[in-house]
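Coordinate inspection notes
The lines below spell out each chain.
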Amino acid sequence: MDRDLKYTRNIGIMAHIDAGKTTTSERILFYTGKTHKIGEVHEGAATMDWMVQEQERGITITSAATTAFWNYNGDTYQINIIDTPGHVDFTVEVERSLRVLDGAIATFCAVGGVEPQSETVWRQADKYSVPRMGYVNKMDRTGADFLGVCAQVKERLGANAVPVVLPIGAEEKFAGLVDLIYNRAVIYDESKKGELVNYTFGEIPEDMKEEAAQWRSKLIEEAASLDESLMEKFFDDPDSITPEELVAAVRRATMEMAMVPMLCGSSFKNKGVQILLDYVMAFLPSPLDIDAIKGTDPRTENEVTRKPSGNEPLCALAFKIATDPFVGRLAFIRVYSGKIDSGSYVFNSRSDRKERISRLYQMHANRQNPIEYAGAGDICAVVGFKDIRTGDTLCDEKAPIILESMTFPEPVIGLAVEPKTQKDLDKLGVALGKLSEEDPTFTVKTDEDSGQTIISGMGELHLEIIVDRLRREFGVEISQGAPQVNYKEALTANVHHREVFKKQTGGRGKFADIVFDLGPADEKEFTGLQFVDMVKGGNIPKEYIPSVQKGFQAAMANGPLAGYSIDSMKVTLLDGSFHPVDSDSLSFEIAARNGFRAAAMKAKPVIMEPIMSVEVVTPEENMGDIIGDLNKRRGQIAGMESKGTARVVKAKVPLSEMFGYVTVLRTISSGRATSSMEFSHYDEVPANIAKEIVEKSSGKKVVTE
């Protein structure tokens, strides 16, 4: 029953778009015997890219999970691999995968090095304290520079990147690796492309011996600086350190996140993947190496922990919901402790309900292999449940626990959609419900004024894929409007206001009277309603205070200027009065809503817009035109640097100015420049543009003083 957890690895492959994550996953599946033919991304045949949209575009959209087995040092290891997307519109997929992984392989392109999205995923891995190792792929490409990329990882990501291998040759002459731990060469044989073992061990080439000795002593020095017994050996006789001692020291340093071991290869040319797998087993943690997971007991609010063991009560996290055409809704779960049996009941601590798990599956991309049970350390999929959402904790009813749920970024771009026929109307509702359940960064709402359905997401590509999926998977034909930016509103000044609500009908009347201060929240980072109750002497009975708070909370959904939501504000309730017969909770709630409407307009409201971090890599001769174009788009240039022969321009630009930018950039640079963009923050909109936005939303001309 209890297989040894030290032979399990839960790992993810994370990187910037086009660094070769999926190609690397494909090779891992091939060498672990999971697939008998290597699938290629550019031919649309990769196993892990199983969605039609992924195959057509050659990108990864959803993180696919799979289980494989690898023999290392005479033991068989089980690897649960998650291949994550690189595109910034799908960062949520990376975020939720990292939340449940024990280790990660950060893949870099040997030519591109550390790219903008590499920095984003690196920060996400830091957030969840995921130990990682680096893999520099595409060593066969012109301009490949392994040690250069290692230096960039140190510089840009602030990580202690230490090479454990060196490449033998580079670009088209890339022939193999020098393994610095075992002090030997790994030479690849081109003629054995489709075979499971396509390399031989040999002597380090003469012309590399000196360089290898130099880097090996650096590796030993780094490992020894974190391990005292090795340190002594290092000073006495560095040659007496055995490869096994070195592996153990590097493993410890990797798990403490004091070191990032760097490897290299060319996945497409089948070089370097088996060595990478060996070192994943050697350096990355098993579920047993991770601290006991912390959570909260919902009954007492006290902190509780669960150790990775089958004898502890069940604790599992649902990190992704997916819809499969054959088995229906699947929830991907990571089991932290205890075990789940097929056909059993589990307790969902968010909904406070029991859920039946009718079947359990071990996943292989989009194929499922049924299993009887899943134990601590496993990643699997469950079906048959009624109400499980992303971020829910599944546990034992007698020992409930809530794990910290995941936080997801707010969508920044919206699109109005409507079904083409009446028949599509019902289908659209069901389809959008399923898609928003799968993807927490995709939201659906109905615009109260126009009655339109507005779908919102993380970027143009994100919404394009959603619309494509509606058409193909759910058979819904829709018409779509132009993309719209999700603006917000904010209050910038404090106002004092008194609101009296009176209504006299035949029987009982309604009465509420409140005096309050309204303004921005004290802290800039705060989100939500900061509510301070300073009513003295029972002028407003205690039971009505929550209704006042509820009224203000509800009012935040529609700002005073153009009806966009307000993220944060502060209300200080100072005084008021009530009528012993006519006052009730509803009266105070209505008074708060009316009071907000009257006071918010005086609190100098402003419109806030999403600002994006944009990075453009361009040949030098187009730099002037590109900067000029960004300035025209109200962009602020944040910095410029060189990367080889190219120039990198970093800027902060409002999202509303960036629609269709890729096409314009291609025109300016004759297709030679590339750009990437991700959400940075919200900022105030200039007055003239704010005026246009308000006019557009209200349909009336605004007269400014």
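So, how was this worked out
Residues numbered from 1 in each chain as written. Predicted model: local features only at pLDDT ≥ 70, side-chain atom pairs only at ≥ 80, totals over all residues. Heavy atoms only, no water. Helix = DSSP H or I, 4+ residues; strand = E, 2+ residues; numbered from the N terminus. Rg over C-alpha atoms; globule rule 2.2 N^0.38 Å. Buried < 20%, exposed > 50% of the residue type's maximum accessible area, 1.4 Å probe, protein only. Contact = heavy atoms within 4.5 Å. Areas by Shrake-Rupley, 256 points an atom, 1.4 Å probe, with all protein chains shown as cover. Lys, Arg positive; Asp, Glu negative; His and termini not counted. Charge placed at Lys NZ, Arg CZ, Asp CG, Glu CD. Pairing = 2+ DSSP bridges. Salt bridge = Lys/Arg side-chain N within 4 Å of Asp/Glu carboxyl O. Axes fitted to C-alpha atoms, helices over the stretch in contact; angles between N-to-C directions. Patch = residues over 30% accessible without salt bridge, like charges linked within 9 Å, V, L, I, M, F, W, Y side chains within 5 Å. Polar contact = N/O pair within 3.5 Å; in protein donor to acceptor, adjacent residues only side chain to side chain. Parallel < 35°, antiparallel > 145°, perpendicular 65-115°, else oblique. Left-handed = near helix turned anticlockwise from the far one by under 90°. Nonpolar A, V, L, I, M, F, W, Y, C, P; charged D, E, K, R; others polar. Core = buried A, V, L, I, M, F, W, Y, C linked by side-chain atoms within 4.5 Å. Right-handed = clockwise from strand over helix to strand, strands pointing away. Phe/Tyr/Trp six-rings, centres within 6.5 Å; stacked < 30°, edge-to-face > 60°.

As annotated in an unreviewed UniProt entry, the chain is Translation elongation factor g-related from Holotrichia oblita.

Attention now goes to the overall build of the chain. Counting its regular elements, the chain contains 16 helices and 37 strands. Taken over C-alpha atoms, the radius of gyration comes to 29 Å for the chain, in line with the 27 Å a tight globule of 705 residues would show. Expressed along its principal axes, the backbone C-alpha trace of the chain runs to roughly 100 × 65 × 60 Å. Looking at the chain residue by residue over its 705 residues, the buried ones come to 54%. Sequence separation of 24 or more characterises 71% of the internal contacts of the chain that already satisfy a separation of 6 or more. For the chain, the exposed surface amounts to about 31400 Å²; the carbon and sulfur share of it is 49%. Side-chain charges of the chain comprise 82 positive and 104 negative groups, with the mean position of each set lying 5 Å from the other.

Here we take up the pairing of strand β25 (residues 413-419). Burial runs high along β25: five of the seven residues are buried. When β25 meets strand β28 (residues 478-485), the two strands line up antiparallel, connected through six bridges. Bridge pairing in β28 places Val417 opposite Gln480.

The subject of this paragraph is the environment of Ala170. Mapped onto the elements, Ala170 comes out in the loop between β7 (165-168) and β8 (176-179). Along the primary structure Ala170 and Ala110 are separated by 60 residues, whereas in three dimensions their C-alpha atoms are 9.9 Å apart. The contacts of Ala170, once residues within four sequence positions are left out, are Met139 and Ala144.

Let's shift gears to the pattern of salt bridges. Taken as a whole and judged by the stated rule, the model has 29 salt bridges. As a salt-bridge pair, Glu245 and Lys233 come within 3.0 Å of each other at their nearest N and O atoms. Of this pair, Glu245 sits in helix α8 (residues 243-255) while Lys233 sits in helix α7 (residues 228-236), and the two are twelve residues apart along the sequence.

With antiparallel pairing, four strands are arranged side by side in an open sheet as β26-β27-β25-β28. The open sheet terminates on both sides in strands that have one partner only, identified here as β26 (443-446) and β28. The mean inter-strand angle of the sheet, taken between neighbouring strand axes irrespective of direction, is 25°. As paired strands, β26 and strand β27 (residues 453-457) are joined by four bridges and run antiparallel to one another. Residue pairing in the sheet places Thr446 in a bridge with Thr453 of β27. Sitting on the sheet, helix α11 (residues 460-472) is in contact with β25, β27 and β28, with an inclination near 125° to β27.

On the surface, Glu228, Glu232, Asp236, Asp237 and Asp239 cluster together to form a negatively charged patch. Relative to the assigned elements, Glu228 resides in helix α7.

What follows concerns the side chain of Ser669. Along the chain, the position of Ser669 falls in helix α15 (residues 661-669). Residue classification places Ser669 among the buried positions, given a relative accessible area of 1%. A polar contact is formed between the side chain of Ser669 and the backbone nitrogen of Ala673, at a distance of 3.0 Å.

Before going further, it helps to examine the packing of helix α6 (residues 209-224) against α8. Put simply, α6 and α8 touch, their axes get as near as 9 Å, and they point 55° apart. With respect to α8, the element α6 is oriented oblique. As for the relative orientation of α6 and α8, their crossing is left-handed in sense. Along the contact surface, α6 presents Arg216, Leu219, Ile220 and Ala223, while α8 presents Leu246, Ala249 and Val250. Classifying every residue of the contact of α6 with α8 gives six nonpolar, no polar and one charged.

A word on the nonpolar core. With 80 residues, the main nonpolar core has Phe108, Trp122, Met133, Val153, Met262, Leu263 and Phe283 as its most contacted residues. It is helix α9 (residues 273-283) that contributes the most residues to this core, nine residues altogether. Those residues within four positions of Leu263 in sequence are excluded, and the remaining contacts are Met133, Gly134, Tyr135, Val136, Phe146, Val164, Val165, Ile275, Leu276 and Tyr279. Of all hydrophobic cores here, the second largest spans 41 residues; its members include Phe442, Val485, Val614 and Leu655.

Moving on: the pairing of strand β5 (residues 132-137). When a strand is regular, its side chains alternate between the sheet's two faces. Counting buried positions over the six residues of β5 gives six, a clear majority of the element. Here β5 shows a buried face lined by Arg132, Gly134 and Val136 and a second buried face lined by Met133, Tyr135 and Asn137. Handedness of the crossover joining strand β4 (residues 103-109) and β5 through helix α4 (residues 116-127): right-handed. Of the pairings in the sheet, the one linking β5 to strand β11 (residues 260-264) comprises three bridges and is parallel in character. Among the inter-strand pairings, Val136 is bridged to a residue of β11, identified as Cys264.

This part takes up the packing of aromatic side chains. Going through the model one piece at a time under the given rule, you end up with eleven aromatic pairs. Their ring planes at 40° and their centres at 6.3 Å tell us that Phe108 and Trp122 sit as a pair that is tilted. With Phe108 in strand β4 and Trp122 in helix α4, this residue pair connects regions lying 14 residues apart in the sequence. With relative accessibility at 1%, the residue Phe108 sits in the buried group. Relative accessible area serves as the criterion here: at 4%, Trp122 is assigned to the buried category. Between Tyr199 and Phe201, the aromatic rings sit 5.6 Å apart at their centres with planes inclined by 65°, giving edge-to-face as the arrangement. In this structure Tyr199 comes out as buried when scored by relative accessible area, which is 17%. Phe201 gets classed as partly exposed once you look at its relative accessible area, which sits at 44%. Taken together through their ring pairs, the aromatic side chains of Tyr7, Tyr72 and Tyr77 make up a single cluster.

Turning next to the packing of helix α12 (residues 545-555) against helix α13 (residues 585-600). Where α12 meets α13, the closest approach of the two axes is 7 Å, and the angle between their N-to-C directions is 40°. As the angle between them shows, α12 and α13 are arranged oblique. Pair α12 / α13 crosses with right-handed handedness. Residue-level contacts link Ser547, Val548, Lys550, Gly551, Phe552, Ala554 and Ala555 of α12 to Ser585, Phe588, Glu589, Ala592, Arg593 and Phe596 of α13. In terms of residue class, the contact of α12 with α13 is built from seven nonpolar, three polar and three charged.

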